[in-house]
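Examination of the molecular architecture
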2 protein chains.
Amino acid sequence: MQAEAQAPNPETTLRAMQAIVGENACLSGDADMQPFVTDYRGIYHGKAQVVVLPASTEEVSQVMQWCYANHVPVVPQGGNTSLMGGAVPDGTGAAVVINLRRMNRVLAIDTVNDTMTVQAGVTLSGARTAAEADQRLFPLRIGSEGSCQIGGNLSTNAGGTAVLRYGNMRDLVLGIEAVLPDGRIYSQLRGLRKDNTGYDLKHLFIGAEGTLGIITGAVLKLMPQPRSTAVAFVAVQSPAAAVQLLGEAKRLSGQAVTAFELISRPALELVLEYLGNVPSPLPEMHDWMVLIELTSGTDAESLNATLMEILESGFGQGLVLDAAVAASLSDAQNFWRIREEISDAQTRTGGSIKCDVSVPLSRIAAFVEDASAKVLALEPAARMVIYGHMGDGNVHFNPLRPRDQPAKEFLAQWYARISGLVDAMAHAENGSISAEHGIGVVKRDDLTQFKSSVEIELMWQVKQALDPRNLLNPGKVLPARRR
Amino acid sequence: MQAEAQAPNPETTLRAMQAIVGENACLSGDADMQPFVTDYRGIYHGKAQVVVLPASTEEVSQVMQWCYANHVPVVPQGGNTSLMGGAVPDGTGAAVVINLRRMNRVLAIDTVNDTMTVQAGVTLSGARTAAEADQRLFPLRIGSEGSCQIGGNLSTNAGGTAVLRYGNMRDLVLGIEAVLPDGRIYSQLRGLRKDNTGYDLKHLFIGAEGTLGIITGAVLKLMPQPRSTAVAFVAVQSPAAAVQLLGEAKRLSGQAVTAFELISRPALELVLEYLGNVPSPLPEMHDWMVLIELTSGTDAESLNATLMEILESGFGQGLVLDAAVAASLSDAQNFWRIREEISDAQTRTGGSIKCDVSVPLSRIAAFVEDASAKVLALEPAARMVIYGHMGDGNVHFNPLRPRDQPAKEFLAQWYARISGLVDAMAHAENGSISAEHGIGVVKRDDLTQFKSSVEIELMWQVKQALDPRNLLNPGKVLPARRR
């Protein structure tokens, strides 16, 4: 109650915001604000004083200055596709939401420097398309690319299906511009591959989920478009065989392995059911499959030969049980569609316990087997939907409700226990309880269990140095300090 | 005088250090300390209370705790190969130097996860050799690899000749361990390629030149060893032609371009003179040359074919004037030796104005031409030794004294003016005044000219949050705060 009492009257806030960004760029009615205060999964329903849609960095700066002066909390928002409740305000109604969707211009593409300068509100697919128009690749590849924004991708250090080759979002940016909690503008929109002039401040803001500053622009790295792509859908003997096959793929192809995605049998069954008319790439069902993608700058013939060499080596060693090699672009797209639709298939089915864990690659196979066994010991009818970026040591480990159990009941019975179990097992293997999805509010308090007190204290030291009034995306990421 | 008065008596400090690390691990006589208080170039001659050689992270932590409690400044030191005076104490004699050379163990190599866990005192060549023993590549490649240490490589975000393909040191590390100014240990020695659980704290310490913590250990990324390498020494029409040729190389080979190093005629002449018995790779002298290295996971034949394709395209477009392709490993080594010995050749000759600048690749050719013209307008007899990592937009731009002018005289006359001129030109092109070498004390005060007040203030906010007593490597990197 006290926080609300201190905050300015919503009318005052609205008028101040309107004076900065214009009336049309302020949303204040409940209906208008609803899409901006409810998270992507429909779990978090927050409130805001006003949703502001600034058109420039200068406007963001002015909004922040006003909010800082008036002690108003601010929630920065991109495409609002966070799975962790990281992009929506809490229920107090004290916050101003700043959504960057109007800052959606590609400012420059430099094909010699292989860089692209964008405003933070450009969608990922917008950035990819702009790069393609100049025969370049912007390699980040995640499911929400049509709506997620570059600023959000940076703030959450987005990952996806091409990290094995190109790295996470953090690795794909050379410079950023960000507005600090007090409205000052940190601007380093430079396309330099080497710059050792003091602390590399951009890393403070990348992956900080909007708690240290609002990223308003970025210089992104562009890559050569691959000249050829080779894709195979491969049944493997076991998760351990998949890891061995990845080793062979790396050994035989150097850095051509772009994606190496695990798919469990229940994941494949679920997505085939969901898609209906899409045939399985392989004639028989197997317990474990991997989708392998190689890309290279050389000709397709030699890349296909490399893929065949990898598969033959895998057959020879008993790692591979069967394999379908994409003979056309359409084959490849079908293989990828199966992989990519697993997430939506789960959402539609309901009742999935989403764990997004990573462990060292040398431990991932044992982890998948052990964690599956433990979950099945609790609920033998759970469907073990396990898939994702095995090449990065990262799997989406999502036990799904038994066919005959309602989602709500399954989640009420098992969510906390199973996700706690899986996270603890990953942690015990020196792993991460959130490989890609971040912390937001969902996993904030779990950090006290999985981070050392030194780490949590360091995070707070940085937070207080940059945001002493704790106004920027409050309640996200940082757990309560230990005493 | 006041600082010295506050500091404990050197005898007290020595005894405290001896109690922590043992008598044999403390050096205190002037002669014994001399190699640790004088920088690599012999320019900075500092003083210390004692040089401590801890054997474990725990010992580093205890030393730091004692120094923190007693307000004693600490200078962390690896191989002491800084070109910027970043690793030696100032002249007050107040500091304790902590050299990590005894912490030189490779703790683990995981060939499935492709990671290597090392103590910070392992030399770069030690790390490379250990990786090679397991058929892996640790790709950082810099001249001082025999003596520089991983901790120093991380603290300075080292670059070198393979950044184009593999990135800077920051890109080659997954986890670090560091001792904080008050002695607490931040430990994240994990080999995860994806981990989005809060702020990525390791980036605070990487590139901070030991001002925020002492890096004591790291988990490094390993790469597949390339199956083939192709090297060419190529005369190009101009710096602009070199950039165009790089574009062709990227287009035709994807990410196989590992090194793309520019060499100016005066640089080649100097090094050939210095080496004596090494023949020039090309029959005639040219104004501009590039050393190109491609590496790949595929066979040598197809990689050589790609190299030939690049060179033919370059000839066809008039970019390439002549080219020597290495026909053997020994040819390749000779080409590389010429490139690598330029630095020593300069040191022995004396009188070189070292500028380590980067600009966007799209501006590097014009920058090299314009800056050369400006320097030659001032001193027409200067030898324009320009070389280095053009593929990263980074050149070592090092005007050398005229043959008949003594080094001291040339430097006295021109150092400040020419380096100021070159740095300002790079800055005007959105470039960096220190692409690789860092800031140390040499360029500390230049930052006030080349960084915004927001950046400098942010650096100080972080510094004060982590090191409120300003005890860790004081006087390095951070310029005086603006008021």
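Remember, it's a predicted structure, so these values are computed and weren't measured experimentally.

Turning next to the nonpolar core. Counting residues in each nonpolar core, the largest one holds 98 residues, and the members touching the most others are Phe138, Ile150 and Phe205 of chain A together with Phe138, Ile150 and Phe205 of chain B. When residues no more than four places from it in sequence are discounted, the contact partners of phenylalanine 205 of chain A are Leu154, Ser155, Ile176, Ala178, Leu180, Tyr186, Leu212, Gly213, Ile215 and Leu466 of chain A together with Leu458 of chain B.

The next point concerns the sheet that holds strand S10 (residues 214–221) of chain B. Each strand in a sheet pairs with its neighbour through backbone hydrogen bonds, running either in the same direction (parallel) or in the opposite one (antiparallel). Residues and elements named next belong to chain B. Read across the open sheet, the five strands follow the order S5-S6-S10-S8-S9; overall the sheet is antiparallel. Every other strand in the sheet has two partners, leaving strand S5 (106–110) and strand S9 (185–187) as the edge strands with one partner each. Within this sheet the neighbouring strands show an average axis-to-axis angle of 10 degrees, counted without direction. One ladder, built from six bridges, connects strand S8 (residues 173–179) with S10; its direction is antiparallel. Paired with valine 179 across the bridge in S10 is isoleucine 214.

Time to look at helix H4 (residues 57–69) of chain B. Residue and element names in this part refer to chain B. In a regular helix each residue adds 1.5 Å, so 13 residues correspond to 18 Å; H4 covers 18 Å between its end C-alpha atoms and thus fits that length. When we look at burial in H4, the residues that qualify are Thr57, Glu59, Val60, Ser61, Val63, Met64, Trp66 and Cys67. Histidine 71 occupies a position one or two residues after H4 and carries a positive phi of about 55 degrees.

Turning our eyes to something else, we now look at empty space enclosed by the protein. This model, assessed by the stated rule, comprises nine cavities of 30 Å³ or more. Approximately 280 Å³ is the volume found for the second largest cavity. In terms of lining, the second largest cavity is formed by 23 residues, of which the most central are Ser296 and Gly297 of chain A together with Ser253, Ala256 and Ser296 of chain B. Broken down by secondary-structure element, the contributors of at least two residues to the lining of the second largest cavity are strand S14 (288–296) and helix H11 (300–316) of chain A together with strand S14 (288–296) and helix H11 (300–316) of chain B. For the lining of the second largest cavity, a count of residues per class yields four nonpolar, 17 polar and two charged.

This brings us to the relation of the copies chain B and chain A. With an RMSD of 0.0 Å, the fit of chain B onto chain A corresponds to turning through 180 degrees and sliding 0.0 Å along the axis. Here the copies are linked by what is in effect a two-fold axis. By residue overlap, the copies meet face to face through one surface: 100% of the interface positions of chain B are interface positions in chain A.

A separate point is the interface of chain B and chain A. In this complex, chain B contributes 82 residues to the contact, which on the side of chain A involves 83 residues. When chain B packs against chain A, close to 6600 Å² is buried across both sides, 53% of that on carbon and sulfur atoms. Linking chain B with chain A are 10 salt bridges. The interface formed by chain B and chain A includes 46 residue pairs in polar contact (both at pLDDT 80 or more).

All names here are of chain A. What the domain assignment reports for chain A is domain 1 (2–99), domain 2 (106–224), domain 3 (228–339) and domain 4 (350–428). If you average the C-alpha positions of domain 3 and of domain 4, the two centres end up 23 Å apart. Every contact between the two is made by 18 residues of domain 3 and, on the other side, 18 residues of domain 4. When the two sides are added together, the surface that domain 3 and domain 4 hide from each other amounts to roughly 1400 Å², 66% of it contributed by carbon and sulfur. The interface formed by domain 3 and domain 4 contains one salt bridge. Put simply, glutamate 273 and arginine 403 hold a salt bridge, and the shortest N to O gap is 3.0 Å.

Turning our attention to the UniProt feature "domain: FAD-binding PCMH-type" (unreviewed entry) in chain A. UniProt's entry tags residues 44–225 of chain A with the feature "domain: FAD-binding PCMH-type" (unreviewed entry), counted in the numbering of this structure. The span residues 44–225 of chain A shows a helical share of 20% and a strand share of 24%, and its end C-alpha atoms are spaced 39 Å apart.

Another aspect to go through is the pairing of strand S16 (residues 355–358) of chain B. Looking along a regular strand, one sees the side chains alternate between the two faces of the sheet. All names here are of chain B. Burial along S16 is two-sided: the residues Cys355 and Val357 and Asp356 and Ser358 are all buried. Sheet topology note: the S16/strand S18 (residues 394–400) ladder contains four bridges and is antiparallel. Note that in S18 the partner of serine 358 across the bridge is asparagine 394.

A few words on the packing of helix H9 (residues 239–253) of chain A against helix H14 (residues 361–378) of chain A. Residues and elements named next belong to chain A. Relative to each other, H9 and H14 sit at 160 degrees, their axes nearing to 8 Å. When the axis of H9 is compared with that of H14, the two are roughly antiparallel. Like other packed secondary-structure pairs, H9 and H14 cross with a definite hand, here right-handed. Touching Pro239, Ala240, Val243, Leu246 and Lys250 of H9 are Leu361, Ile364, Ala365, Val368 and Glu369, all from H14. Residue classes in the contact of H9 with H14 are distributed as eight nonpolar, no polar and two charged.

A word on helix H15 (residues 407–428) of chain B. Residues and elements named next belong to chain B. For H15, spanning 22 residues, the distance from its first C-alpha to its last is 29 Å, which sits close to the expected 32 Å at 1.5 Å a residue. Helix geometry: H15 is bent most strongly at tryptophan 414, by close to 55 degrees. Buried-residue contacts for H15 involve S16, helix H14 (361–378), S18 and helix H16 (447–450). Looking one or two places after H15, you find asparagine 430, whose phi comes out positive at around 60 degrees.

To continue, consider the side chain of threonine 13 of chain A. All names here are of chain A. Relative to the elements of secondary structure, threonine 13 occurs in helix H2 (residues 10–21). Among the residues examined, threonine 13 registers a relative accessible area of 0% and is labelled buried. Among all residues touching threonine 13, those that are not within four sequence positions of it are Pro8, Gln49, Val50, Trp66 and Val96.

All names here are of chain A. Taken together, the seven strands give an open sheet; going across it, the order is S15-S12-S14-S13-S17-S18-S16, and neighbouring strands pair in antiparallel fashion. A strand with exactly one partner marks an edge of an open sheet, and here the two such strands are strand S15 (320–325) and strand S16 (355–358). Taken over all neighbouring pairs, the strand axes of this sheet differ in orientation by 20 degrees on average, direction set aside. In this structure, strand S13 (residues 257–264) lies alongside strand S17 (residues 383–388), joined through two bridges in antiparallel fashion. When the bridges of S17 are listed, leucine 262 appears paired with glycine 388. Taken strand by strand, H9 contacts strand S12 (228–236), S13, S14 and S15, and its axis lies near 170 degrees from that of S13.

Thresholds, definitions, all that
Residues numbered from 1 in each chain as written. Chains lettered and ligands numbered in written order. Predicted model: local features only at pLDDT ≥ 70, side-chain atom pairs only at ≥ 80, totals over all residues. Heavy atoms only, no water. Core = buried A, V, L, I, M, F, W, Y, C linked by side-chain atoms within 4.5 Å. Buried < 20%, exposed > 50% of the residue type's maximum accessible area, 1.4 Å probe, protein only. Contact = heavy atoms within 4.5 Å. Pairing = 2+ DSSP bridges. Helix = DSSP H or I, 4+ residues; strand = E, 2+ residues; numbered from the N terminus. Axes fitted to C-alpha atoms, helices over the stretch in contact; angles between N-to-C directions. Expected span 1.5 Å × (residues − 1). 1 Å grid on protein atoms, 1.4 Å probe; cavity = no way out; pocket = protein on both sides within 12 Å on 5 of 7 lines; lining within 4 Å. Points joined across faces, edges and corners; volume = space filled by probe spheres on them. Nonpolar A, V, L, I, M, F, W, Y, C, P; charged D, E, K, R; others polar. Least-squares fit on C-alpha atoms with pLDDT ≥ 70 in both. Buried area = accessible area lost by both parts, 1.4 Å probe. Salt bridge = Lys/Arg side-chain N within 4 Å of Asp/Glu carboxyl O. Polar contact = N/O pair within 3.5 Å; in protein donor to acceptor, adjacent residues only side chain to side chain. Domains from an automatic or database assignment. UniProt positions renumbered as here; feature names shortened; annotations may be inferred. Parallel < 35°, antiparallel > 145°, perpendicular 65-115°, else oblique. Left-handed = near helix turned anticlockwise from the far one by under 90°. Bend = angle between axes of the 7 residues up to and from the residue.

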